Amino acid sequence: MEARKFRVGVLMIGSLYWDEKPPRPKWRCGRLSMDDKQYVKAPIRYGRLSKSWENSYTMIFYAGRRDEQLGQAIVVPCAQDVITGQDLIKEAMCLWNAEARNHKNQNSSVTSKTWGCVTLLKNPGRSISGDLLDCWTRHVSKEKETDNRKNIISAYCNEDVLSQSGFLEIPWPKADDGSDLDFDALLATATCPKPDKGRYPSAQDVAEAAYESGKGRTYFWRNRKHGIETFQDAEIEYWLAKLDDKGK
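About the thresholds
- Numbering of residues starts from 1 in each chain and follows the order in which that chain's sequence is written.
- Selection of residues for local features in this predicted model requires a pLDDT of at least 70, selection of side-chain atom pairs for listing and counting requires 80 or more, and totals for whole chains, interfaces and linings are taken over all residues.
- Side-chain calculation: all heavy atoms of the structure are included, whereas hydrogens and water are not.
- The criterion is simple. A nonpolar core is a set of buried Ala, Val, Leu, Ile, Met, Phe, Trp, Tyr and Cys residues joined through side-chain atoms within 4.5 Å.
- Buried, partly exposed and exposed residues are distinguished by accessible area as a fraction of the type maximum, computed with a 1.4 Å probe on protein chains only: under 20%, between the cut-offs, and over 50%, respectively.
- Helix and strand assignments follow DSSP, with helices taken as H or I runs no shorter than four residues and strands as E runs no shorter than two, numbered in order from the N terminus.
- Whether two residues touch is decided by their heavy atoms; if any such pair falls within 4.5 Å, the residues are in contact.
- Here, strands pair whenever DSSP counts at least two bridges between them.
- Orientation is described by lines fitted to C-alpha atoms, with helices fitted over the stretch in contact, and by angles between N-to-C directions that extend from 0 to 180 degrees.
- Between N or O atoms, a polar contact is any pair within 3.5 Å; within protein, one atom must be a potential hydrogen donor and the other a potential acceptor, and residues adjacent in sequence are included only when both atoms are from side chains.
- Between the rings of Phe, Tyr and Trp (Trp by its six-membered ring), a pair exists once the centres lie within 6.5 Å; its type follows the angle of the planes, with under 30 degrees stacked, over 60 edge-to-face, and the other angles tilted.
- A pocket here means an open set of points on a 1 Å grid, computed over the protein atoms alone, that has protein on both sides within 12 Å along at least five of seven lines. A cavity is instead a set of points where a 1.4 Å probe fits but cannot get out; residues with an atom within 4 Å of a point line either one.
- Grid points are joined across faces, edges and corners, and a volume is the space filled by probe spheres set on the points.
- Orientation labels follow simple angle bins: below 35 degrees gives roughly parallel, above 145 gives roughly antiparallel, 65 to 115 gives roughly perpendicular, and whatever is left gives oblique.
- Handedness of each helix crossing follows the sense of rotation of the near helix against the far helix: counterclockwise by less than a right angle gives left-handed, clockwise gives right-handed.
- Amino acids are sorted into nonpolar (Ala, Val, Leu, Ile, Met, Phe, Trp, Tyr, Cys and Pro), charged (Asp, Glu, Lys and Arg) and polar (every other residue, Gly among them).

Chemist: Looking at this model, I keep getting lost on the nonpolar core. Mind explaining?
Modeler: The nonpolar side chains of a soluble globular protein tend to be buried with one another. Among the nonpolar cores identified, the biggest contains 75 residues, and Leu11, Trp27, Phe61, Trp136, Leu162, Leu168 and Leu187 are the most heavily contacted of them. For this core, the element with the most residues is helix α2 (residues 85-99), which contributes eight residues. With sequence-adjacent residues up to four places away left out, Trp136 is seen in contact with Leu88, Ile89, Ala92, Val118, Thr119, Leu120, Ser165, Gly166, Phe167 and Leu187.

So this is what it looks like as structure tokens:
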């Protein structure tokens, strides 16, 4: 009997999709079927204060469940077949190397740092091989920097977004047209939020941080250009325009 091939994709938000700095373009072209991308609804918002984006806010997953709290992300299929747990770990490692811009040690098995980690989102309507899931949980538990995952979990304002075993606990995304998303599982990078006294940044906070940073404005507008959006975007645009008027 031929081994079952599992349909696995990457749930992408932020610059992972559009940034042209190596090794991201090579990863996208070599490991993903970019022509088969799909827009999906997912709970995303601005919430991580990023030094690499000049102390502006970047996107995170969060526990929003209502329709008005959903944004638009992108799912891209993995180009290689995923049959075994090791196949899944390989895709996670390649994703992390691209996310972390890891040039020096492409064979590193680590998939987390203090600012983020690779997670796995299961399709609740599909039966997934126990080998895949067991291999994933073993990978997370043995990871040398697994304490990073615990720190990221605790930063999420006590929301159930990540599990200790490395699973992303948001609702399974719907395709933009409302249809079911035909994947068995999705890999995604969950970054560490930076709440202020348990409160996520408002649209005004995001706009003010972006206004002071050329990179922050670039990050926001390029997300918009590529259709990666949060429920905050219209209000962020409003505050950016207001700040522009004030600065004239």
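Next, the rest of the story.
Chemist: I tried to follow the sheet that holds strand β7 (residues 116-122) on my own but got confused; where do I start?
Modeler: Sheet strands line up and pair through hydrogen bonds in the backbone, either parallel or antiparallel. One open sheet holds the seven strands; their spatial order is β6-β7-β9-β1-β5-β2-β8, and the pairing between them is mixed. Each having just a single partner strand, β6 (112-113) and β8 (174-175) make up the two edges of the open sheet. Here α2 sits on the sheet and contacts β1 (8-12), β6, β7 and β9 (185-191); the angle it forms with β9, its principal contact strand, is near 35°. Sitting on the sheet, helix α3 (residues 130-142) is in contact with β7 and β9, with an inclination near 160° to β7.

Chemist: Would you take a moment to explain the environment of Thr230 for this structure?
Modeler: Along the chain, Thr230 falls in the loop between α6 (214-225) and α7 (233-247). With relative accessibility at 8%, the residue Thr230 sits in the buried group. Sequence separation between Thr230 and Ile44 is 186 residues, and the spatial gap between their C-alpha atoms is 5.9 Å. The contact partners of Thr230, leaving out residues within four places of it in the chain, are Ile44, Arg45, Tyr46, Met59 and Gly71. Looking at Thr230, its side chain comes within polar contact range of the main-chain nitrogen of Gln232, at 3.0 Å. Polar contacts involving the side chain of Thr230 include one to the side chain of Asp233, which spans 2.7 Å.

Chemist: Can you walk me through the packing of aromatic side chains in this structure?
Modeler: Here a ring pair, both rings aromatic, is described through the centre-centre distance and the interplanar angle of the planes. Counted by the stated rule, this structure contains nine aromatic pairs. Judged by centre distance (6.0 Å) and plane angle (35°), the ring pair of Tyr62 and Phe231 falls under tilted. On the criterion of sequence distance, the pair formed by Tyr62 in the loop between β4 (56-61) and β5 (71-77) and Phe231 in the loop between α6 and α7 is long-range, its members being 169 residues apart. Given a relative accessible area of 36%, Phe231 falls into the partly exposed group.

Chemist: Please clarify how the side chain of Asn223 should be interpreted in this entry.
Modeler: As for its placement among the helices and strands, Asn223 is situated in helix α6. Setting aside residues up to four positions removed in sequence, Asn223 forms contacts with Gly14, Ser15, Trp18, Tyr46, Met59 and Ile228.

Chemist: For this particular structure, what's the right way to read the layout of surface pockets?
Modeler: To find the voids left in a structure, one rolls a probe of water-molecule size over its atoms. Taken as a whole, the largest pocket encloses approximately 400 Å³ of empty space. What lines the largest pocket is a set of 21 residues, among which Arg24, Trp53, Glu99, Trp115 and Thr191 lie closest to the centre. Of all the secondary structure elements, the ones that give two or more residues to the lining of the largest pocket are β3 (44-50), β4 and β9.

Chemist: What's the story with the environment of Gly125 in this structure? I'm lost.
Modeler: As for its placement among the helices and strands, Gly125 is situated in the loop between β7 and α3. For Gly125 and Ala3, which are 122 residues apart along the polypeptide, the C-alpha to C-alpha distance reads 20 Å.

Chemist: Hey, could you run me through the packing of α2 against α3 in this one?
Modeler: A pair of packed helices can be characterised by two numbers: the angle between their axes and the separation between those axes. Here α2 crosses α3 at 50°, and the two axes come no closer than 8 Å. The orientation of α2 relative to α3 falls into the category oblique. The two elements α2 and α3 cross, and the hand of that crossing is right-handed. Across the interface between the two elements, Gly85, Gln86, Leu88, Ile89 and Ala92 from α2 touch Asp131, Leu132, Cys135, Trp136 and His139 from α3. Looking at the contact of α2 with α3, its residues break down into six nonpolar, three polar and one charged.

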